[in-house]
Amino acid sequence: MIELAGIVKRFRDADREVPVLDGLSLSVADGEMVAVVGASGSGKSTLLYLVGGLDADFEGQARVAGRDLGTLSERERATFRGREVGFVFQSFNLLPHLTAMENVCLPAWFAEGPALRAEAPRRGAEALRRVGLLELAGQRPARLSGGQRQRVAIARALFAGPRLLLADEPTGNLDTRSGEEIIDLFGELSRGGMTVLVVTHEERVSRAAGRVLRLEAGRLA
Ligand SMILES: Nc1ncnc2c1ncn2[C@@H]1O[C@H](COP(=O)(O)OP(=O)(O)O)[C@@H](O)[C@H]1O
Ligand SMILES: [Mg+2]
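Residues numbered from 1 in each chain as written. Chains lettered and ligands numbered in written order. Predicted model: local features only at pLDDT ≥ 70, side-chain atom pairs only at ≥ 80, totals over all residues. Heavy atoms only, no water.

Caption draft 1: View of the side chain of R151. Note on placement: R151 falls in helix α6 (residues 146-158). The side chain of R151 sits in the buried core without any salt bridge; E181 is the nearest counter-charge, 4.1 Å away. Beyond its immediate stretch of four places on either side in the chain, R151 contacts V131, L133, E181, I182 and L185. (Helix = DSSP H or I, 4+ residues; strand = E, 2+ residues; numbered from the N terminus. Buried < 20%, exposed > 50% of the residue type's maximum accessible area, 1.4 Å probe, protein only. Lys, Arg positive; Asp, Glu negative; His and termini not counted. Salt bridge = Lys/Arg side-chain N within 4 Å of Asp/Glu carboxyl O. Contact = heavy atoms within 4.5 Å.)

Take a look at the structure:
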């Protein structure tokens, strides 16, 4: 699913160029769940955004879900992100005036073509069922706990049927117990065939993830 070789990513900072990723290589198989840990500023988010096709300004080879990310046009990368990748963030980024179901179905309005819109009710219900929240489909975020809000955000990430979930500190705003439940949910999704790359400080991530990788000085330690 993910094949990175010799990835170098620099940020231009006034007069100097600091390599954040410095010759990083990584393979992640279909259906694998891999955790990424490392100090703040070690490049975890940078790595995730690169794998998700949000950033094409890098050196080296990046093949994700069969695409060579370095050669895609901006438009092709947008299609890649919309079809193949689900993103989950620390802040749940739910719209407060929409119900859980409406939040989950939001990607339909940004998709190419009408297909996802037509399938929205069915897909939305299926995604909410997978995260165990179907019975709260009509609730607005204010009525949900933090863990439930993150589940809605995960259902939204699943809506378009991606093969890869990228999660950037998804438990950062949650108490320990809800955080562990979210990590367990990623584990379940992975056992169901989803590939999951998750940046986390959650200590117990290793019970769900097949591998825990540490980023250090721009490489995997
Ligand atoms: N858009 C940017 N412009 C300049 N520097 C950046 C940018 N994004 C991240 N950086 C720098 O790259 C390094 C890694 O950032 P990041 O990937 O966000 O780390 P992490 O997620 O591990 O905390 C940091 O030193 C950060 O300041
Ligand atoms: Mg980060």
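There is more to say, and it comes next.
Caption draft 2: Here's a closer look at the packing of α6 against helix α7 (residues 176-191). α7 packs onto α6 with a crossing angle of 25° between their chain directions and a minimal axis gap of 10 Å. Taken together, the axes of α6 and α7 lie roughly parallel to each other. Handedness of the crossing formed by α6 with α7: right-handed. Contact residues: G147, Q150, R151, I154 and L158 in α6; S178, E181, I182, L185, F186 and L189 in α7. The residue makeup of the contact of α6 with α7, split by class, is six nonpolar, three polar and two charged. (Axes fitted to C-alpha atoms, helices over the stretch in contact; angles between N-to-C directions. Parallel < 35°, antiparallel > 145°, perpendicular 65-115°, else oblique. Left-handed = near helix turned anticlockwise from the far one by under 90°. Nonpolar A, V, L, I, M, F, W, Y, C, P; charged D, E, K, R; others polar.)

Caption draft 3: Fine view of α6. Taking 1.5 Å of rise per residue, the 13 residues of α6 would be expected to cover 18 Å, and the 18 Å separating its terminal C-alpha atoms lies within 8% of that figure. Of all 13 residues in α6, ten are buried, a share of seventy percent or more. Those residues of α6 that are buried lie in contact with β6 (85-88), α3 (100-104), α5 (120-130), β7 (164-168) and α7. (Expected span 1.5 Å × (residues − 1).)

Caption draft 4: Fine view of the site of ligand 1. In the vicinity of ligand 1, the contacting residues are F11, V20, A39, S40, G41, S42, G43, K44, S45 and T46. A distance of 2.9 Å separates an oxygen atom of ligand 1 from a polar side-chain atom of S45. In the complex, 54% of the free accessible area of ligand 1, which totals 560 Å², lies under the protein chains. When residues in the shell around ligand 1 are grouped by element, the largest group, three residues, is from helix α1 (residues 44-51). (Near = heavy atom within 4 Å. Polar contact = N/O pair within 3.5 Å; in protein donor to acceptor, adjacent residues only side chain to side chain. Areas by Shrake-Rupley, 256 points an atom, 1.4 Å probe, with all protein chains shown as cover.)

Caption draft 5: Looking closely at α7. When the terminal C-alpha atoms of α7 are compared, their 23 Å separation across 16 residues agrees well with the 22 Å that a helix rising 1.5 Å per residue should span. Buried within α7 we find S178, G179, E180, I182, I183, L185, F186, G187, L189 and S190. Residues of α7 that are buried in the fold lie against β3 (33-37), β6, α5, α6, β7 and β8 (195-199). The N-cap of α7, judged by a side-chain oxygen 3.1 Å from the amide nitrogen of R177 a few residues on, is D175. Looking one or two residues past α7, G193 carries a phi angle of roughly 115°, positive in sign.

Caption draft 6: Spotlight on the environment of A39. Mapped onto the fold, A39 is located in the loop between β3 and α1. Residue classification places A39 among the exposed positions, given a relative accessible area of 53%.

Caption draft 7: Structural context of the pairing of strand β2 (residues 16-28). Note: strand β1 (residues 2-13) against β2, ten bridges, orientation antiparallel. When the bridges of β2 are listed, F11 appears paired with V18. (Pairing = 2+ DSSP bridges.)

Caption draft 8: Highlighting the sheet that holds β2. Sheet architecture is open: four strands sit in the order β2-β1-β4-β5, paired in antiparallel fashion. Bordering the open sheet on either side are β2 and β5 (67-68), each of which pairs with just one other strand. Here five bridges tie β1 to strand β4 (residues 59-64), and the two strands are oriented antiparallel to one another. Each bridged residue has a counterpart across the sheet, and for A5 the counterpart in β4 is Q61. The sheet contacts of α1 involve β1, β2 and β4, and relative to β1 the element is tilted by about 120°.

Caption draft 9: Quick look at the nonpolar core. Core analysis: the largest hydrophobic core is formed by 39 residues, its most contacted members being M33, V131, I154, L158, L165, F186 and L189. The set of elements that each furnish at least two residues to this core consists of β3, α3, α5, α6, β7, α7 and β8. With six residues, α6 is the single largest residue contributor to this core. Ignoring anything within four residues of it in the chain, the contact list for I154 reads V88, V131, I182, L185, F186 and L189. Of all hydrophobic cores here, the second largest spans 29 residues; its members include V28, L69, F87 and L166. (Core = buried A, V, L, I, M, F, W, Y, C linked by side-chain atoms within 4.5 Å.)

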